[in-house]
Amino acid sequence: MATKAQSAEVPATTGSEGDGVRRRDFLNVAAVSFAGVGAVAALAPLFVQMAPSADVLALATTEVDISKVQSGQGIKTQWRKQPVFIRNLTPKEIAEANAVPLSDLRDPQTLAERTKPGKANWLITLGVCTHLGCVPLGISEGENKGPYGGYFCPCHGSMYDTAARIRQGPAPKNLEVPEYKFTSPTTVQIG
Amino acid sequence: MSFHWAKAYEPKNSFMRWLDERLPLPRLVYGAIGGGYPVPRNLNYFWNFGVLAGIFLTIQIITGIVLAMHFYATTDGAFNSVNQLIMRDVNAGWLLRYAHMNGASFFFLVTYIHIFRGLYYGSYKAPRELVWMLGLVIYLLMMATGFMGYVLPWGQMSYWGAQVITGFFSAFPLVGEPIRVWLLGGYAPDQAALTRFFSLHYLLPFVIAGVVILHIWALHIPGSGNPTGVDVKSERDTLPFHPFYTAKDGWFAAAMLLAYALVTYFAPDYLGHPDNYIQANPLATPAHIVPEWYFWPFYAILRSFTVDFILPAKLWGVLAMFASILLLFFLPWLDKSPVRSGSYRPVFKRFFWLLVLDVLILGYIGGAPINWWRVALGQAASAYYFIHFLVILPLVSAFEIPLPLPSSISESVLHGETKEAAPLGQNKPRRGSTATAG
């Protein structure tokens, strides 16, 4: 591009000497760049319209009454249109989860890290297999819980233990623990 | 471009002359699929499948446009609009819907035969590399279109297919999950996903039609290949497309449409899955979830990775599945043998049929429920797929001694192989000899 000093020496209309950059080159680059920036800016709405819309995001929290869930039982609920498993673990299931050395785990986490302090029996996870998103079996009575007593995904055979940690199969991660808090001893707010 | 003996278009009446001078459309058609396109005279029936693919694309577009007139793209309306409205209430709706469902299967079937024709006869080799690559682009677009169309009836397989396939993207570290949410417009398949899939399912077939035009355009530069793989040398090697190949394509298309009608009328749901007649339920996954049959080999490759090795198993599966198609783009450079046709390549021919068997095994594994021996067999078959293209093909093309090629197409056709076969360029074509020998 022509600086002030150069344009003083080289006649701006021809510019055939010096660095060989003509005034017209500058105009071409500037015009095309300006149009290019404008075109990219015009793409932005086409891009962001694909992201979750306000009504989808509005479902971001769910309140669940867990007073009726007995020890050893579980319920399936929905949060952001995804299934959530709320499970009331038995003392035996808690002991099984705590007995596993972390070095045996693909995604090492203790049960305590996956539950709230003092509520180690309430295991709340997404019911979405971390492999390709199927709903694992094992939350309802009579479903196949898999060899580790937690969940079994029928799609590609991922097996989770009583802390919903991945133990065998293609899934890379433990079932995700969503953000949640106990708003009362018997009510959980997810999200 | 074409051969210099190609006949130029001559308008038959004053109206066509008037039109041709202003818009040379009749000239274009005549040169592409009329008497003005010379085609090797020795094509076998495997050369019919490109035209068949075009026919099924047309059927899909026509039936699809009509079905879209009756389809509700909403999560609570889609299932009923397909299974109640279209299947029971709309006049002839059942026929159009079954024709569209099975049309997709037949489109893939003829396309697979077309692709394997190309693999056997070396259709991907110079000077037709771009024809091959444009064909692969069509195939990728077909897969995207087929997948999105399968989601639209919003049955259980639709829903969980959408969940699993968009789940592929979540395999990529960091950016994967945001991309998945962005593609779906939510955290799980829902209204946003259904509407955009409908929009794109309507769009993509027209994109396919556009790429088909490029595919044919690129093909007509060197002209069609042929079963000997020997280049066209003179007018004696070719016949005009019309009436010779229009007639052959015409009767064979009728035969294939008969098979299509048999399936559509007498076994319309044979190629589908009963679970897709249950409305989508985001809280329960069907026990055995499988894609449509034409995706089974790729699904088998996806499922073959069960242990982490540097990268997570899930990412390996997804990468391998995409790689299994993308590697076909490099085929013209993986197989460097100057002999195109597999008929003159004794070693290549054996490995070709092994590959066919391998893909059939992958297809079986991808459609069957998982157990230990199927996983092991699927892993072996997946490994062999890649070994075939990345190791065997380059080695075979380097060391194989091909059989002698006929000196021209017309010699091989008119005089029989044994008499005329000779090393390339070693004997002169004997002009004027008759078809008495061989």
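As the structure is a computational prediction, the values presented were derived from the model and not from experiment.

Parameters and conventions
- Residues numbered from 1 in each chain as written.
- Chains lettered and ligands numbered in written order.
- Predicted model: local features only at pLDDT ≥ 70, side-chain atom pairs only at ≥ 80, totals over all residues.
- Domains from an automatic or database assignment.
- Contact = placed C-beta atoms within 7 Å.
- Helix = DSSP H or I, 4+ residues; strand = E, 2+ residues; numbered from the N terminus.
- Nonpolar A, V, L, I, M, F, W, Y, C, P; charged D, E, K, R; others polar.
- Pairing = 2+ DSSP bridges.
- Axes fitted to C-alpha atoms, helices over the stretch in contact; angles between N-to-C directions.
- Buried ≥ 20, exposed ≤ 12 C-beta atoms within 10 Å, placed from the backbone.
- Parallel < 35°, antiparallel > 145°, perpendicular 65-115°, else oblique.
- Left-handed = near helix turned anticlockwise from the far one by under 90°.

The next thing to look at is the domain arrangement of chain B. Residue and element names in this part refer to chain B. Structurally, chain B comprises domain 1 (1-9 + 19-268 + 280-289) and domain 2 (292-399). Distance between the C-alpha centres of domain 1 and domain 2: 23 Å. Between domain 1 and domain 2, the contact holds 25 residues from the first and 19 residues from the second. Only helix H5 (93-120) and helix H6 (129-151) provide two or more residues apiece to the side of domain 1 that touches domain 2. Considering every element that reaches the side of domain 1 that touches domain 2, the biggest residue donor is H6, with seven residues. Looking at the side of domain 1 that touches domain 2 residue by residue, the classes come out as 16 nonpolar, seven polar and two charged.

What follows covers the domain arrangement of chain A. Each domain of chain A was delimited in the assignment, giving domain 1 (4-48) and domain 2 (55-190). With centres defined by C-alpha atoms, the gap from domain 1 of chain A to domain 2 of chain A works out at 59 Å.

Turning our eyes to something else, we now look at the sheet that holds strand E1 (residues 62-65) of chain A. All names here are of chain A. Taken in spatial order, the three strands make up an open sheet running E1-E9-E8, and their pairing is antiparallel. The two strands at the open ends of the sheet, each matched to only one other strand, are E1 and strand E8 (180-184). The sheet shows a mean angle of 30° between the axes of neighbouring strands, taken without regard to direction. As paired elements, E1 and strand E9 (residues 187-190) share four bridges and run antiparallel to each other. Bridged to Val-64 within E9 is Val-188.

Residue and element names in this part refer to chain A. Taken in spatial order, the three strands make up an open sheet running E2-E3-E4, and their pairing is antiparallel. This sheet does not close on itself; its edge strands, each paired only once, are strand E2 (74-79) and strand E4 (122-126). Between one strand axis and the next, the sheet turns through 20° on average, direction left out of account. Relative to strand E3 (residues 82-88), E2 runs antiparallel, the two being bridged by six bridges. Bridging from a neighbouring strand, Thr-77 pairs with Val-84 of E3.

A few words now on the pairing of E9 of chain A. Side chains Val-188 and Ile-190 of chain A of E9 of chain A all project onto a buried face; the interleaved residues Thr-187 and Gln-189 of chain A project onto a face where none is buried. Taking the residues between adjacent antiparallel strands as the criterion, E8 of chain A and E9 of chain A are bridged by two residues.

Packed helices, taken two at a time, are described by the angle between their axes plus the distance between the axes. All names here are of chain B. Where helix H3 (residues 49-68) meets helix H9 (residues 191-220), the axes come as close as 10 Å, and the angle between the chain directions of the two elements is 155°. In terms of orientation, H3 lies roughly antiparallel with respect to H9. By crossing handedness, the relation of H3 to H9 is classed as left-handed. On H9, the residues touching Gly-54, Leu-57, Gln-60, Ile-61, Gly-64 and Ala-68 of H3 are Tyr-202, Pro-205, Ile-208, Ala-209 and Val-212.

Among all residues save glycine, negative phi is the norm, and among peptide bonds the norm is trans. All names here are of chain B. The omega torsion across Ala-126 and Pro-127 is 0°, close enough to zero to call that bond cis. Along the chain, Pro-127 turns up in the loop between H5 and H6. Cis geometry marks the peptide bond from His-242 to Pro-243, where omega comes out at 10°. Checked against the element boundaries, Pro-243 lands in helix H10 (residues 241-266). Positive phi, close to 60°, is recorded for Ala-92, a residue that is not glycine. Take Ala-92: it is sitting in the loop between helix H4 (78-89) and H5. Ala-92 sits in the exposed class, given 10 other C-beta atoms within 10 Å.

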